[in-house]
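Architecture and fold: a report
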Amino acid sequence: MTHFTAAQGFMGPFSHDGRASIAPNPPWHYAADFITIECWSEPSAVEALLPPGLSLHPDERGLMTVSFVDWQACTDTGGELLDPIRAQYRECIVLVSVQHEGKLMQYCPYIVVDQDTSLARGWALGYPKKIGSVWITRSMGVPSIASPRLEPGATFAGTVAVKDRRLAEGHVKLSGPADTSAVTFGSRPIVALRHFPSMFEGQHDQPAVYELVRLQAENVQASPVWKGDAALTIFDSPTEPLAALRPTRIGRGWRYSLAMTNRNNYLLRDLRSIAQPGSSEEK
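In what follows, the accompanying structure is described. Predicted model, so just to flag it, every value in this text is computed and none were measured.

When charged atoms on two side chains of opposite charge get close, those side chains can pair. Within this structure, the stated rule accounts for 14 salt bridges. Where aspartate 17 meets arginine 19, a salt bridge forms, and the shortest distance between an N and an O atom there is 2.9 Å. Here aspartate 17 falls in the partly exposed class, since its relative accessible area comes to 29%. Residue arginine 90 is joined to aspartate 114 by a salt bridge in which the shortest nitrogen-to-oxygen separation is 3.5 Å. Residue arginine 90 is located in strand S5 (residues 88-100), and its partner aspartate 114 is located in the loop between strand S6 (103-113) and helix H2 (116-125); the two are separated by 24 residues in the primary sequence. By relative accessible area, which is 15% here, arginine 90 ends up buried. Given the relative accessible area of 24%, aspartate 114 is considered partly exposed.

Structure below.
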């Protein structure tokens with residue numbers, strides 16, 4: 001936590017007790033329901049979004065997952081759960097298969113969230129979050145046509161929009177328990193790009209922070225995973241890059257829940273030397 005004079009906080013705005021911060025001090029504890037859809041895009045479209053140090057994995061060129069997620073998060077005290085608007089948010093997460101030094105990982109080139117606290121946490125971790133609108137089908141724990149259960153034939157759907165334009169919609173119709181090949185969130189290491197620009201004159205192309213990091217999850221717990229037939233549609237947008245990743249093929253879909261804690265990142269590579277004028281280092 002940052003301290004100066006009588007003010008403190010993890011991220012601004014700062015206050016005498018730190019509670020004004022847009023994001024609280026880590027660790028951050030999460031629980032979530034996921035709808036994840038597997039698909040393939042043109043490899044060149046995925047490659048165009050990768051930062052230095054990452055390349056397409058030869059076994060999974062163009063493979064990505066799109067997840068619609070209903071999250072609940074809190075700090076160690078759990079106080080956010082008594083004021084649920086501080087704890088709950090929804091998200092659409094795009095992850096693409098990549099390799100770093102020959103190891104299969106996933107990279108997040110695009111992510112939409114509906115709460116500013118999650119936006120700030122994401123920027124600190126390396127997720128390139130944007131504010132939007134995300135909705136997903138919920139299961140309320142009671143049998144009802146309005147509350148699908150985890151059983152064959154049940155359908156779970158998700159939608160995402162940014163600036164009043166729907167970007168994607170998808171659904172998974174469950175058929176039964178999944179096997180261990182399911183590409184669920186966290187089943188592979190996730191790598192992210194922490195980038196904060198410099199605002200000094202003549203240094204806009206020399207970022208203050210430019211790091212390739214691996215996201216560190218602790219205390220991971222996962223429910224059984226259900227598989228099913230999936231559908232995904234990505235719509236055109238005048239500004240959002242998701243349309244460039246429009247699938248050429250749809251694979252499997254999954255519905256599952258997980259819990260985890262984020263406290264730290266692991267630095268894979270400081271990329272600031274690559275951003276220096278005259279640098280000839282390639283991706």
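Enumeration over the complete set of coordinates arrives at 1 cavity of 30 Å³ or more. The space that makes up the largest cavity amounts to roughly 110 Å³. Lining the largest cavity are 14 residues, with Trp71, Tyr89, Glu91, Tyr127 and Lys129 positioned closest to its centre. Looking at the lining of the largest cavity, the elements with two or more residues in it are S5, H2 and strand S14 (249-270). Of the residues belonging to the lining of the largest cavity, the class tally is 9 nonpolar, 2 polar and 3 charged.

What follows concerns the packing of aromatic side chains. We describe a pair of aromatic rings using the distance from one ring centre to the other and the angle between the two ring planes. This model, assessed by the stated rule, comprises 7 aromatic pairs. In this structure an aromatic cluster arises from ring pairing among Tyr30, Phe34, Trp71, Tyr89, Phe185 and Tyr256. Sitting over the ring of tryptophan 135, arginine 90 keeps its end group 4.1 Å from the ring centre. Taking the ring centre of tryptophan 40 as reference, the NZ or CZ of arginine 249 above it sits at 3.8 Å.

Before going further, it helps to spend a moment on the layout of surface pockets. In this structure, the largest pocket spans a volume of roughly 470 Å³. As for the largest pocket, its lining consists of 21 residues, of which Arg19, Ser21, Pro24, Glu80 and Arg86 are closest to the centre. At the level of secondary structure, the elements contributing two or more residues to the lining of the largest pocket comprise S5 and H2. Considering each element in turn, the lining of the largest pocket owes the most residues, 4 residues, to H2. Here the second largest pocket is characterised by a volume of approximately 380 Å³. Around the second largest pocket, the lining comprises 22 residues; the ones closest to its centre are Phe185, Gly186, Ser187, Ala217 and Val220. Residue assignment for the lining of the second largest pocket shows that the elements contributing at least two residues are strand S12 (209-222) and S14. A total of 6 residues in the lining of the second largest pocket trace back to one element, the largest contributor, which is S12. Per-class residue counts for the lining of the second largest pocket are 13 nonpolar, 6 polar and 3 charged.

Further remarks concern the environment of arginine 255. One can find arginine 255 in strand S14. On the basis of relative accessibility, which here comes to 5%, the residue arginine 255 falls in the buried class. Sequence-wise, arginine 255 and leucine 174 are 81 residues apart; in three dimensions their C-alpha atoms are separated by 7.9 Å. If near-sequence neighbours (up to four positions away) are discounted, arginine 255 is found in contact with Asp33, Phe34, Ile35, Ser139, Leu150, Phe156, Leu174, Pro224, Val225 and Trp226.

About the criteria used
- Residues numbered from 1 in each chain as written.
- Predicted model: local features only at pLDDT ≥ 70, side-chain atom pairs only at ≥ 80, totals over all residues.
- Heavy atoms only, no water.
- Salt bridge = Lys/Arg side-chain N within 4 Å of Asp/Glu carboxyl O.
- Buried < 20%, exposed > 50% of the residue type's maximum accessible area, 1.4 Å probe, protein only.
- Helix = DSSP H or I, 4+ residues; strand = E, 2+ residues; numbered from the N terminus.
- 1 Å grid on protein atoms, 1.4 Å probe; cavity = no way out; pocket = protein on both sides within 12 Å on 5 of 7 lines; lining within 4 Å.
- Points joined across faces, edges and corners; volume = space filled by probe spheres on them.
- Nonpolar A, V, L, I, M, F, W, Y, C, P; charged D, E, K, R; others polar.
- Phe/Tyr/Trp six-rings, centres within 6.5 Å; stacked < 30°, edge-to-face > 60°.
- Lys NZ or Arg CZ within 6 Å of the ring centre and 35° of its normal.
- Contact = heavy atoms within 4.5 Å.

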